[in-house]
Amino acid sequence: MAIPVRRVTQGAMVRKLPRAALLAALAALPFTATIAAATPQQGSGVAWDIVEGLTTEIGPRIAGSEAEARARAWADAKLKALGFSNVKIEPFKANVWQRGPEHAKLTAPYQQPLAITALGFSVPTPADGLTAEMVYFPTLAALEAAPAGSLKGKVAFVDHAMRRAQDGSGYGPYGNVRRSGPSIAAQKGAAGIVIRSAGTDSHRNPHTGATVWAEGATPIPAGAVSNPDADLIARIAQRGKPMQIDMTLMGKPNPGAPSGNVVAELPGRDPSLPIVLVACHLDSWDLGTGAIDDASGCAIVTAAALAAQKDGKTLRTIRVLWSGNEEMGMNGQGGGTHYAEMHGDEPHAVAMESDFGADNVWQVKNNFAPANKALADKINAALWPMGIVPHAGPADGGADVGAIIAKQKLAVVDLGQDGMHYFDLHHTPDDTLDKVDPATLQQNVDAWTAVLKVIANEPGEIAEGVGE
Ligand SMILES: [Zn+2]
């Protein structure tokens, strides 16, 4: 909201007002809403303490970095202080990537600076930049249709049209521009690629995120520009004049870097029963402080595990996994894979993950076998009063629990969060604490607690999940 000060301060007459009269006039203005909007929301409780603590005391924690190592030490101390047992750091090595200096501008047909960021696993441009013709493609399909060799020495620009969706479903297809676009451009001989960010905001913030080099593709420098910059490029492309870009992206691969998981338990009354696993990821991208992605997830699962045992131990042990290297953990390099290697022989009953910010949970899905229909009904009944509705469709957990789910064919419960605003912030400098609403964060904790109370106290057998 704009502050309507100008009505008072503009104009010679007003400037001549005595100071006391001016202050009185200012005091009469409706400032309340403006001040409330500008004041960071302050929460309380375990979940808020984790998001606030991790983003304040550690901040950005890209996988393989010294900051991610400090985050593991922070998590270890925090989980112990919260009363968890068997708290362990489980280190592993991963092929990740580190950012370098980055900037870009259009040099023809118009001089325009661009808000750009490198994609994870980009290779560096020459230190003094890559200057090349830039070719516009409205979609990934258009890039795929370009003749072989037609991009030799050029930079491809790929546009697209990601839109908001409550379930975040646009990220699959439009995120694919980031995941696959660079390989396709490289295979057609491009010297580099720039994409429209996979994001739904209109801020001048580019969204980073990892790309995946296809077998046989020679990596090229790859970056994403903000949505307003992509709009600009699209308008210039419509004018039909050749475009030239000058870009410097110095990020480079960081092979064999140290990462690690942090695991901790709240033991149950019957240690012989398969455990309940709840997960999040500790690493973050480096542009923001990783508040929604994914300090919030760690906060939610951890606070809910504790709340589920507030009135006494649950029957089954609840284990929390704060995974390392989720963001660059594709191709078996992530914490989820390492967890399955370390713990794949231990009996698990159910796995759940929180990695979609801190907005309200609105739907619940499961992959339970017909034999566990009564258990599913009990979970749904526990969520019904909170306005959370059962939804058909596969429940798959996510990257941090995917490997253990696949290995043990686990039962899964997904608590779906409102994703209307998630991709405004995801992987941008705007992923910061002020974007976390303490009330919706707590709603997540309450929903997770309700589910964990049912599952972790289930005495009967929890069967293997059924496939998608
Ligand atoms: Zn995440």
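- The name that an unreviewed UniProt entry assigns to the chain is Carboxypeptidase Q, with the source organism given as Novosphingobium indicum.
- Per its UniProt entry, the chain bears the Subunit (unreviewed entry) comment "Homodimer. The monomeric form is inactive while the homodimer is active."

### Notes on empty space enclosed by the protein
Empty pockets left among the atoms are what a rolling probe the size of a water molecule brings to light.
Then step 1. A full pass over the atoms with the stated rule returns 2 cavities of 30 Å³ or more.
Then step 2. A volume near 50 Å³ is recorded for the largest cavity.
Then step 3. Looking at the largest cavity, the residues that line it are Ser284, Trp285, Leu287, Gly288, Thr289, Gly290, Asp293, His427, Thr428 and Asp431.
Then step 4. For the lining of the largest cavity, the residue count by class is 2 nonpolar, 6 polar and 2 charged.
Then step 5. What the second largest cavity holds in volume is close to 40 Å³.
Then step 6. Each residue belonging to the lining of the second largest cavity can be placed in one class, and the counts come to 5 nonpolar, 5 polar and 2 charged.

### Looking at the coordination of the zinc ion
Then step 1. The protein atoms that coordinate the zinc ion are His281 (NE2), Asp293 (OD), Asp355 (OD) and Asp355 (OD), at distances spanning 1.9 to 2.6 Å.
Then step 2. Coordination at the zinc ion is irregular, judged from the 4 donor atoms that bind it and the angles of 53 to 147 degrees they form at the metal.
Then step 3. The motif formed by the donor residues of the zinc ion, counted along the single chain, is H-x11-D-x61-D. Within this pair, whereas His281 is found in strand 11 (residues 275-281), its partner Asp355 is found in the loop between strand 13 (348-353) and strand 14 (361-366), the two being separated by 74 residues in sequence.
Then step 4. Of the residues examined, His281 reaches a relative accessible area of 0% and is grouped as buried.

### Description of the packing of aromatic side chains
Then step 1. For the structure shown, the criterion picks out 6 aromatic pairs.
Then step 2. Plain terms: the ring middles of Trp97 and Trp285 are 6.4 Å apart, the flat faces sit at 65 degrees to each other, and that makes the pair edge-to-face. A residue pair is termed long-range when its members are at least 10 positions apart, and Trp97 in strand 1 (residues 85-98) and Trp285 in the loop between strand 11 and helix 10 (291-308) qualify at 188 residues. Accessibility assignment for this pair places Trp97 and Trp285 in one class, buried.
Then step 3. Each residue in the set Tyr171, Phe356, Tyr422 and Phe423 is aromatic and connected to the rest through ring pairs, giving one cluster.

### Overview of the environment of Leu130
Then step 1. Summarising the element assignment, Leu130 is placed in strand 5 (residues 130-137).
Then step 2. Residues Leu130 and Val389 lie 259 residues apart in sequence; the distance between their C-alpha atoms is 51 Å.

### Here we look at helix 9 (residues 227-238)
Then step 1. For helix 9, which comprises 12 residues, the first-to-last C-alpha distance of 17 Å matches the rise-based estimate of 16 Å (1.5 Å per residue) to within 8%.
Then step 2. Those residues of helix 9 that fall on the buried side of the exposure criterion are Asn227, Asp229, Ala230, Leu232, Ile233, Ala234 and Ile236.

### Notes on the confidence of the model for the chain
Then step 1. Mean pLDDT over the chain stands at 93; residues scoring 70 or higher make up 91%.
Then step 2. Confidence, read as mean pLDDT per element, is least for helix 1 (residues 6-9) in the chain (35) and greatest for strand 12 (residues 318-323) (99).
Then step 3. In the predicted structure, residues 1-16 sits below a pLDDT of 50 and forms 18 contacts with residues beyond four places in sequence or in another chain.

### With respect to the pattern of salt bridges
Then step 1. All chains considered together, the criterion is met by 15 salt bridges.
Then step 2. Asp430 serves as the salt-bridge partner of Lys435, at 3.7 Å between the closest nitrogen and oxygen.
Then step 3. Note on Asp430: relative accessible area 18%, which makes it buried.
Then step 4. When salt bridges with common partners are traced through the structure, they connect Arg99, Glu102 and Asp286 into a single cluster.

### Description of the state of the cysteines
Then step 1. What the rule picks out here adds up to 1 disulfide.
Then step 2. One disulfide in the model links Cys280 with Cys298; its S-S distance is 2.1 Å. Between Cys280 and Cys298 the disulfide shows an S-S torsion of about 90 degrees. By sign, it is right-handed. Of this pair, Cys280 sits in strand 11 while Cys298 is found in helix 10, placing the two residues 18 residues apart along the sequence.
Then step 3. Judged by relative accessible area, which is 0%, Cys280 ranks as buried.

### As for the UniProt feature "domain: Peptidase M28" (unreviewed entry) in the chain
Then step 1. UniProt tags residues 261-450 as "domain: Peptidase M28" (unreviewed entry).
Then step 2. Helix makes up 33% of residues 261-450 and strand 21%, with an end-to-end C-alpha separation of 26 Å.

### So, the nonpolar core
Then step 1. Judged by nonpolar contacts, the single largest core of 68 residues is most densely connected at Trp322, Met352 and Ile379.
Then step 2. When residues in this core are grouped by element, the largest group, 12 residues, is from helix 10.
Then step 3. One finds Ile62, Ala104, Leu151 and Met247 within the second-largest nonpolar core, a separate group that totals 50 residues.

### Digging into the layout of surface pockets
Then step 1. A volume near 1000 Å³ is recorded for the largest pocket.
Then step 2. Looking at the largest pocket, it is lined by 34 residues, and the ones nearest its centre are Asp355, Phe356, Asp396, Gly397 and Gly398.
Then step 3. Looking at side-chain class alone, the lining of the largest pocket contains 11 nonpolar, 12 polar and 11 charged residues.
Then step 4. In this structure, the second largest pocket encloses a volume near 220 Å³.
Then step 5. Forming the boundary of the second largest pocket are 14 residues, of which Asp359, His421, Tyr422, Asp424 and Leu425 lie nearest the centre.
Then step 6. With 3 residues, the top contributor of residues to the lining of the second largest pocket is helix 14 (residues 422-425).
Then step 7. Taken together, the residues of the lining of the second largest pocket sort by class into 5 nonpolar, 4 polar and 5 charged.

The rules behind each value
Residues numbered from 1 in each chain as written. Predicted model: local features only at pLDDT ≥ 70, side-chain atom pairs only at ≥ 80, totals over all residues. Heavy atoms only, no water. UniProt positions renumbered as here; feature names shortened; annotations may be inferred. 1 Å grid on protein atoms, 1.4 Å probe; cavity = no way out; pocket = protein on both sides within 12 Å on 5 of 7 lines; lining within 4 Å. Points joined across faces, edges and corners; volume = space filled by probe spheres on them. Nonpolar A, V, L, I, M, F, W, Y, C, P; charged D, E, K, R; others polar. Donors = N, O, S within 2.8 Å, 3.2 Å for Na, K, Ca; no water. Tetrahedral: all angles 85-135°; square planar, octahedral: opposite > 155°, others 65-115°. Helix = DSSP H or I, 4+ residues; strand = E, 2+ residues; numbered from the N terminus. Buried < 20%, exposed > 50% of the residue type's maximum accessible area, 1.4 Å probe, protein only. Phe/Tyr/Trp six-rings, centres within 6.5 Å; stacked < 30°, edge-to-face > 60°. Expected span 1.5 Å × (residues − 1). pLDDT = per-residue confidence, 0-100. Contact = heavy atoms within 4.5 Å. Salt bridge = Lys/Arg side-chain N within 4 Å of Asp/Glu carboxyl O. Disulfide = S-S within 2.5 Å. Core = buried A, V, L, I, M, F, W, Y, C linked by side-chain atoms within 4.5 Å.

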